[in-house]
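So the chains spell out like this:
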Amino acid sequence: MLEIKNLHARIAEDGTEIIRGLDLTVKDGEVAAIMGPNGSGKSTLSYVIAGREDYEVTEGDILWNGESVLEMDPAERAAAGVFLAFQYPMEIPGVATMEFLKTALNAQRKARGEEPLKIPDLMKRVKEAAGSLEMDMAMLKRPLNVGFSGGEKKRAEILQMKLLEPKLCVLDETDSGLDIDALKIVADGVNALRSPERAFLVITHYQRLLDHIVPDTVHVLYKGRIIKSGGPDLALHLEENGYADVIGEAA
Ligand code: ADP
Ligand code: MG
Ligand code: MG
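Predicted, not measured: the structure shown is a model, and the values here were computed from it.

A. View of the overall build of the chain. When its secondary structure is counted, the chain shows eight helices and ten strands. Taking 251 residues into account, the globule formula puts the C-alpha radius of gyration at 18 Å, and the chain, at 18 Å, falls close to it. Seen along its three principal axes, the alpha-carbon backbone of the chain occupies a region of about 55 × 40 × 35 Å. Counting over 251 residues, the chain shows a buried share of 37%. Long-range contacts, defined here as pairs at least 24 residues apart, represent 72% of the contacts in the chain between residues at least 6 apart.

B. Structural context of the sheet that holds strand S1 (residues 2-11). Within the open sheet, the four strands sit side by side as S2-S1-S4-S5. Their pairing is antiparallel. A single partner strand is all that each edge strand has here, and the edge strands are strand S2 (17-26) and strand S5 (67-68). The sheet contact formed by strand S4 (residues 55-64) and S5 spans two bridges and is antiparallel. By the bridge assignment, Leu-63 is partnered in S5 with Ser-68.

C. Expanded view of the packing of helix H5 (residues 150-164) against helix H6 (residues 180-193). Following both chains from N to C, one finds H5 and H6 inclined at 10 degrees, their axes separated by 8 Å at the closest point. Overall, the two elements H5 and H6 adopt an arrangement that is roughly parallel. Facing H5, whose interface residues are Gly-150, Gly-151, Lys-154, Arg-155, Ile-158, Met-161 and Lys-162, H6 presents Asp-181, Ala-182, Ile-185, Val-186, Gly-189 and Leu-193.

D. Structural context of the site of ligand 1. Taken together, Ile-11, Ile-18, Gly-36, Asn-38, Gly-39, Ser-40, Gly-41, Lys-42, Ser-43, Thr-44 and Asp-54 are the residues near ligand 1. Here the shell around ligand 1 takes three residues from helix H1 (residues 42-50), the largest share from any one element. Taken together, the residues of the shell around ligand 1 break down into two nonpolar, seven polar and two charged.

E. Quick look at the sheet that holds strand S8 (residues 199-203). Read across the open sheet, the six strands follow the order S6-S7-S8-S3-S9-S10; overall the sheet is mixed. Only two strands of the sheet have a single neighbouring strand rather than two, namely strand S6 (82-85) and strand S10 (225-230). The average undirected angle you get between the axes of adjacent strands in this sheet is 20 degrees. As judged from the four bridges shared by strand S3 (residues 31-35) and strand S9 (residues 217-222), these two strands associate in the parallel manner. Counterpart to Met-35 in the pairing with S9 is Val-220.

F. Here's a closer look at the pairing of S9. In terms of burial, S9 is largely enclosed, as five of its six residues are buried. Between S9 and S10, which pair antiparallel one after the other, the connecting turn spans two residues, and Lys-223 there sits at a positive phi close to 50 degrees.

G. Quick peek at the nonpolar core. One finds Phe-83, Val-170, Phe-200 and Val-202 to be the most contacted residues of the largest nonpolar core, which totals 63 residues. Beyond its immediate sequence surroundings of up to four residues, Phe-83 is in contact with Ala-78, Met-161, Leu-164, Pro-166, Leu-168, Cys-169 and Val-170.

Scoring rules and cut-offs
- Residues numbered from 1 in each chain as written.
- Chains lettered and ligands numbered in written order.
- Predicted model: local features only at pLDDT ≥ 70, side-chain atom pairs only at ≥ 80, totals over all residues.
- Helix = DSSP H or I, 4+ residues; strand = E, 2+ residues; numbered from the N terminus.
- Rg over C-alpha atoms; globule rule 2.2 N^0.38 Å.
- Buried ≥ 20, exposed ≤ 12 C-beta atoms within 10 Å, placed from the backbone.
- Contact = placed C-beta atoms within 7 Å.
- Pairing = 2+ DSSP bridges.
- Axes fitted to C-alpha atoms, helices over the stretch in contact; angles between N-to-C directions.
- Parallel < 35°, antiparallel > 145°, perpendicular 65-115°, else oblique.
- Near = placed C-beta within 6 Å.
- Nonpolar A, V, L, I, M, F, W, Y, C, P; charged D, E, K, R; others polar.
- Core = buried A, V, L, I, M, F, W, Y, C linked by C-beta atoms within 7 Å.

It is worth stressing that arrangement in space is one thing and function is another; only the former is reported here.
In structure tokens:
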């Protein structure tokens, strides 16, 4: 379970406070959608959860299964089961996707005090996961994300998620600029990974993705705090009416 309590976070470089007293609880098995206008702090929230160093927590706490993650570095958080899917997937020239997956998996195992995977075991896992995503195996030999189409990048991302078996998946605006096919890849991937032990934070500006990933809860983030929470109907309300009345209500 993820519990965020009175979180305040600022940009390390200039001290601007972006997250301003945010409270949020996401239970195991829950898919929580975070919506909100541009500039609300949605991406910042995902980075702070993942432990990016460009942000400083000044107050409050992020508890993961009752333990604060604030003293953990990003690798330790990943080892504890936190996965962040990037809004803008990194292109890694010169590193074959397969090699990248091996590095990511073994880094996680190392942080957990486990032995690196043997090559045949690694190949088996990757092939199984890629097969279930109807991924072209040739893609695994290409450098990660370099020249990948939008849909291929999403497939690669879901593949990483599947292999790392995270307990908390944070997906940030994965629908931005996605065509309907890529959107379906993400939604099908997420839906297949839904389980009672796994929580999702699906961060999105648009309702569109939530037609395919039906969330259990919907939270509106505005000016660094959650100003309203509800069920899937809240997302539909926002789609029809925009954010103005929810923001007005909270003001
Ligand atoms: P959202 O994802 O909801 O659109 P963001 O978290 O990206 O919002 O940004 C919230 C605000 O913080 C914006 O005004 C943005 O410009 C600012 N911001 C976030 N990160 C940085 C940073 N590293 N440097 C400067 N400004 C930032
Ligand atoms: Mg934005
Ligand atoms: Mg964003």
